[in-house]
Amino acid sequence: MLFKEFGFDNRILKSIDHLGFNEATEIQSRAIPEAMVGRDLLASSKTGSGKTLAYLLPALHRVYKKKALSKRDPRVVILVPTRELAKQVYGQLRLLLAASRFTSILIQGGENFNDQHKLLQKDPHFIVATPGRLVDHLKQRHVFLEGLELLILDEADRMLDLGFADAMRAINTAASHRQRQTLFFSATLDNTDVSEIAGELLREPSRVAVGQGFDEHSDIGQHILLCDHLDHKEALLKHLLVDQAIKQVIVFTATKNDTVRLSEIIAGWGLTTQALNGNLSQSARNKTMESFAKGQFDVLVSTDVASRGLDIASVSHVFNFDLPKQAEEFVHRTGRTGRAGFKGEAYSLVGPKDWANFKAIEAFLQKTFDTEVVEGLEPKFKGLMPPKPARAVSKKPASKVQNKIPKNSAKKATGKARFHDNQQDGFDAFKLPTKRFEKQVNTDDGED
Ligand code: ADP
Ligand code: MG
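By the naming in an unreviewed UniProt entry, the protein is RNA helicase, taken from Marinomonas ushuaiensis DSM 15871. Under Sequence similarities (unreviewed entry), UniProt gives the following word-for-word description of the protein: "Belongs to the DEAD box helicase family."

Have a look at this one:
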């Protein structure tokens, strides 16, 4: 569908022209008309498919065409899970609003609270926010959402993963008047937590799922390499990085410490590299991302902090030095390459400790990956038998294991546990709203 066929306000068509886009992607073609008629929307599609414009354009159309419900309250709030994504979405929004009288601000964790308060006092029309920080401002009564017209949740599944469920609920409650419309975007919809919160937030939503939400990117070549242990992983990584002389690579690791350790090792191979993780200040993270985007160094070693929102067309390779615990995360990480029609390659190093995660990823994607072998670096590890579904497994694991694997990982490979926990890395842990807040915004209890 062409953008000019949606019936957008002319000013919007101009902005789209500036972006150089003509034809809408599939998710845009299907989601935009639903959103424009004012319906709630529950939508999913693969990463890189153009979801941002699928919600920003109808949001713009709405503010152009409709009278505001309130003079002071924001008209549109866009919630996103991470600061990186917040910046990215905000950047797009700013471009689209450039020629308009509408104002927008960015509210994210890790930046000055008082400065944000001042921005909120100017009564912006649009707010792009990470949920935790927005709730902090709601608690302080720096912002009210009684006049909110459109609540947009981008990567809602990821927000849930990061522990933002209560923050999402608090925001919903603060804006729970009848006229509000809600657009809910999630990488996956068939997940209990997602459907539960969608049920709370949405009213008779239209559903749009493009390619089950998780079709694989055909522009990304997936390579799976089995590994015996850490040294083996490092040798493989060295082989792949150094011998192929590749530029613009992201290596994902499970922990913050690993990003530093591994980037030092990679530097020792003569490549330019930087570590990115949640221990860095926001400005340091921004600087690293920007200089990577400009091609000022070759290898970005990162935790999942960089798995979303980083939109650099020239990332040629993604390496999973460790496999992510969440299967969806695999798709988001590998989706950093193969963007905007470029070809990308994703390498995953699967050791005994990654095996359970690897199987979960295969189950999630409903496919079986072939493994590849690098000559001279062949693994002894050939995979593990499927874990027994019953919990009692932990009592007799050894006999279930096909190959020799390190002692300390045998137990874990049978269950879901993972040796690293990176879930909260880099993100503001959400604190429950206080009693005071519940009273102030009290709309869920005692309402008819
Ligand atoms: P998602 O949120 O689904 O991962 P994004 O909204 O980040 O995807 O879009 C991915 C890339 O595609 C961005 O670089 C964006 O500018 C580009 N894009 C979006 N819509 C279109 C379109 N209709 N035509 C061409 N490129 C587009
Ligand atoms: Mg997106």
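Okay, back to it.
Caption draft 1: View of the overall build of the protein. Scanning the protein from N- to C-terminus turns up 16 helices and 14 strands. Sorting the 448 residues of the protein into buried and exposed places 46% on the buried side. Across the protein, contacts joining residues at least 24 apart in sequence account for 77% of those joining residues at least 6 apart.

Caption draft 2: Focus on unusual backbone geometry. Of note in the backbone geometry, Asp123 takes a positive phi value of approximately 50 degrees without being a glycine. Among the secondary structure elements, Asp123 is positioned in the loop between helix H5 (113-121) and strand E4 (126-129). Within the chain, Glu155 stands out as a residue other than glycine whose phi angle is a positive 55 degrees. Mapping Glu155 onto the fold places it in the loop between strand E5 (150-153) and helix H7 (156-161). For Glu155, a count of 24 C-beta atoms within 10 Å gives the class buried.

Caption draft 3: Highlighting the sheet that holds strand E8 (residues 220-226). Spatially, seven strands are ordered E10-E11-E9-E12-E13-E8-E14 in an open sheet, and the strand pairing comes out parallel. Strands at the two margins of the open sheet, each flanked by one partner only, are strand E10 (273-276) and strand E14 (371-372). Pairing of strand E12 (residues 317-320) with strand E13 (residues 344-350), which is carried by four bridges, proceeds in the parallel orientation. Counterpart to Val318 in the pairing with E13 is Ala346. Each of E8, strand E9 (249-252), strand E11 (299-302), E12 and E13 touches helix H10 (residues 230-243); the most contacted strand, E13, lies at about 165 degrees to it. In the packing of helix H11 (residues 256-268) onto the sheet, the strands contacted are E9, E10 and E11, and the crossing angle to E10 comes to about 175 degrees.

Caption draft 4: Structural context of the UniProt feature "short sequence motif: Q motif" (unreviewed entry) in the protein. When the UniProt feature table is mapped onto this chain, "short sequence motif: Q motif" (unreviewed entry) is found at residues 1-29. Helix makes up 48% of residues 1-29 and strand makes up 0%, while its end C-alpha atoms are separated by 6 Å.

Caption draft 5: Just the environment of Val80, in detail. The residue Val80 is located in the loop between strand E2 (76-79) and helix H4 (83-97) in this model. The contacts of Val80, once residues within four sequence positions are left out, are Leu85, Ala86, Val89, Val128, Thr130, Asp154 and Glu155.

Caption draft 6: Structural context of the site of ligand 1. As a matter of local geometry, ligand 1 sits amid 14 residues, with Thr47, Ser49, Gly50, Lys51 and Thr52 nearest to it. Per element, the largest residue contribution to the shell around ligand 1 is three residues, and it comes from helix H3 (residues 51-65).

Caption draft 7: Just the sheet that holds E4, in detail. Pairing in this open sheet of seven strands is parallel, and the strands run E3-E4-E2-E5-E6-E1-E7 from one edge to the other. Each edge of the sheet is formed by a strand with only one pairing partner; in this case those strands are strand E3 (104-107) and strand E7 (206-209). Averaged over all pairs of adjacent strands, the angle between strand axes in this sheet comes to 10 degrees, irrespective of strand direction. Pairing analysis gives four bridges linking strand E1 (residues 41-44) to E7, with the strands arranged parallel. Across the sheet, residue Ser44 finds its bridge partner in E7, namely Ala209.

Caption draft 8: Spatial organisation of the nonpolar core. Of all hydrophobic cores here, the largest spans 68 residues; its most connected members are Val77, Leu79, Val128, Ile152, Leu153, Ile171 and Phe184. With eight residues, the single largest contributor to this core is H3. One finds Leu241, Val299, Phe321 and Ile361 within the second-largest nonpolar core, a separate group that totals 40 residues.

Caption draft 9: Main features of helix H12 (residues 282-293). Here H12 contains twelve residues, and its C-alpha end-to-end distance of 16 Å stays within 8% of the 16 Å for a straight helix at 1.5 Å per residue. What H12 keeps buried is the set Arg285, Thr288, Met289 and Phe292. Seen along its axis, H12 keeps its buried residues to an arc of 95 degrees; they face one direction. In H12, the exposed positions angled more than 90 degrees off the buried face are occupied by Ser283 and Glu290.

Caption draft 10: Spatial organisation of the environment of Arg30. Tracing the sequence through the fold places Arg30 in helix H2 (residues 26-36). Residues Arg30 and Val210, spaced 180 residues apart in sequence, show a C-alpha to C-alpha distance of 8.7 Å.

Caption draft 11: Structural context of the pairing of E5. Here E5 shows no split at all, with Leu150 and Ile152 on one side and Leu151 and Leu153 on the other all buried. Examined bridge by bridge, E2 and E5 share four bridges and lie parallel to one another. Considered in E5, the bridge of Val76 is made with Leu150. Where E5 meets strand E6 (residues 181-185), four bridges bridge the pair, whose relative direction is parallel. Bridge pairing links Ile152 to Leu183 in E6.

Rules and cut-offs
- Residues numbered from 1 in each chain as written.
- Chains lettered and ligands numbered in written order.
- Predicted model: local features only at pLDDT ≥ 70, side-chain atom pairs only at ≥ 80, totals over all residues.
- UniProt positions renumbered as here; feature names shortened; annotations may be inferred.
- Helix = DSSP H or I, 4+ residues; strand = E, 2+ residues; numbered from the N terminus.
- Buried ≥ 20, exposed ≤ 12 C-beta atoms within 10 Å, placed from the backbone.
- Contact = placed C-beta atoms within 7 Å.
- Pairing = 2+ DSSP bridges.
- Axes fitted to C-alpha atoms, helices over the stretch in contact; angles between N-to-C directions.
- Near = placed C-beta within 6 Å.
- Core = buried A, V, L, I, M, F, W, Y, C linked by C-beta atoms within 7 Å.
- Expected span 1.5 Å × (residues − 1).
- Arc of directions from axis to C-beta.

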